[in-house]
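Residue strings, one per chain:
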Amino acid sequence: MNKTTAFCEQHNIKTTLKKRWYEKILSFLYTRRMKKYHKDLTILQYNYERLENEIKKAIEYYTTHEVPKIAPYTHERFEIEMPEIDFSDIHIALEQIYDSLEFVNKSIIWKEMFKLTSTVLYNARKDFILDAIAKIPNNKNVVVIKSSYIPKENTESAFKKQCIELANNPSSNWLSIRCVFCAEWIAFCPSQSTDKQIEEIIKSWHGEPAKSNISYL
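Keep in mind that what you see is a predicted model, and the values were worked out from it rather than measured.

Definitions and cut-offs
- Residues numbered from 1 in each chain as written.
- Predicted model: local features only at pLDDT ≥ 70, side-chain atom pairs only at ≥ 80, totals over all residues.
- Heavy atoms only, no water.
- Phe/Tyr/Trp six-rings, centres within 6.5 Å; stacked < 30°, edge-to-face > 60°.
- Helix = DSSP H or I, 4+ residues; strand = E, 2+ residues; numbered from the N terminus.
- Buried < 20%, exposed > 50% of the residue type's maximum accessible area, 1.4 Å probe, protein only.
- Lys NZ or Arg CZ within 6 Å of the ring centre and 35° of its normal.
- Salt bridge = Lys/Arg side-chain N within 4 Å of Asp/Glu carboxyl O.

Points about the packing of aromatic side chains
Right, on to step 1. Taken as a whole, this structure holds 10 aromatic pairs when the rule is applied.
Right, on to step 2. Between Phe-7 and Tyr-48 the ring centres are 5.7 Å apart and the planes differ by 55 degrees, which places this aromatic pair in the tilted class. Here Phe-7 is found in helix 1 (residues 2-10), whereas its partner Tyr-48 is found in helix 3 (residues 27-70), with 41 residues between them in sequence. Here the two residues Phe-7 and Tyr-48 agree in accessibility, since each one is buried.
Right, on to step 3. Here the aromatic rings of Trp-21 and Tyr-22 are separated by 5.7 Å at their centres, their planes lie at 90 degrees, and the arrangement is edge-to-face.
Right, on to step 4. With a relative accessible area of 65%, Trp-21 lands in the exposed category.
Right, on to step 5. An aromatic cluster is present here, built from Phe-7, Tyr-48 and Phe-87 joined pairwise through their rings.
Right, on to step 6. Positioned over the ring face of Tyr-30 is Lys-19, at 5.2 Å from the centre of the ring.

A word on the pattern of salt bridges
Right, on to step 1. Applying the stated criterion across every chain yields a total of 7 salt bridges.
Right, on to step 2. Among the ionic pairs, Asp-131 bridges to Lys-135, the shortest N-O distance being 3.1 Å.
Right, on to step 3. Among the ionic pairs, Lys-160 bridges to Glu-156, the shortest N-O distance being 3.4 Å. With Lys-160 and Glu-156 both in helix 6 (residues 153-168) and 4 residues apart, the pair spans about one turn of that helix.
Right, on to step 4. Classification of Glu-156 by relative accessible area gives partly exposed; the value is 21%.

By themselves, these observations are geometric and do not establish any function.
Dropping the structure here:
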């Protein structure tokens, strides 16, 4: 009970209950009520610590995995905080903790976290590609964007040949080197591409703008 007592002191929770008038006469009733109360306190502490651990895991993951992805493009951050719990009534507190655990366990917090990362990266890629289009020299036809991904030598060689062919014969077709399902290296002719096709290119490209380079053919 020492650990639970420390928990109660930290959150200003009473560890003893006031005796009801009949419990002063029938002391076993008070003993029984206190036993149940202490059990409830232990359950409360256990679940609060569970919630703390889940929130801590989410914060650590976000800080180490998601923040580095968006840091070059925005100061915006997804706020992950331990919810405020009303400990004035331990049953209300436990209900609030259960609700918060459900919010975490249903992956809602993770979905929101990834949603922000996805939005930031999409906007960064869109700005990067549109800027590349805006800066294409008048005597060039093709925008080539290479991410930090390193393709196989024969794949890179074939891509370069295709890019030269596209530059010599501009069309609305666009080229890519993919890693699994994501386009890493891309090449396209802005003058031949519709807005819809440019949007498709933006959605398909998954390179990191801060680690990518642009060239023109």
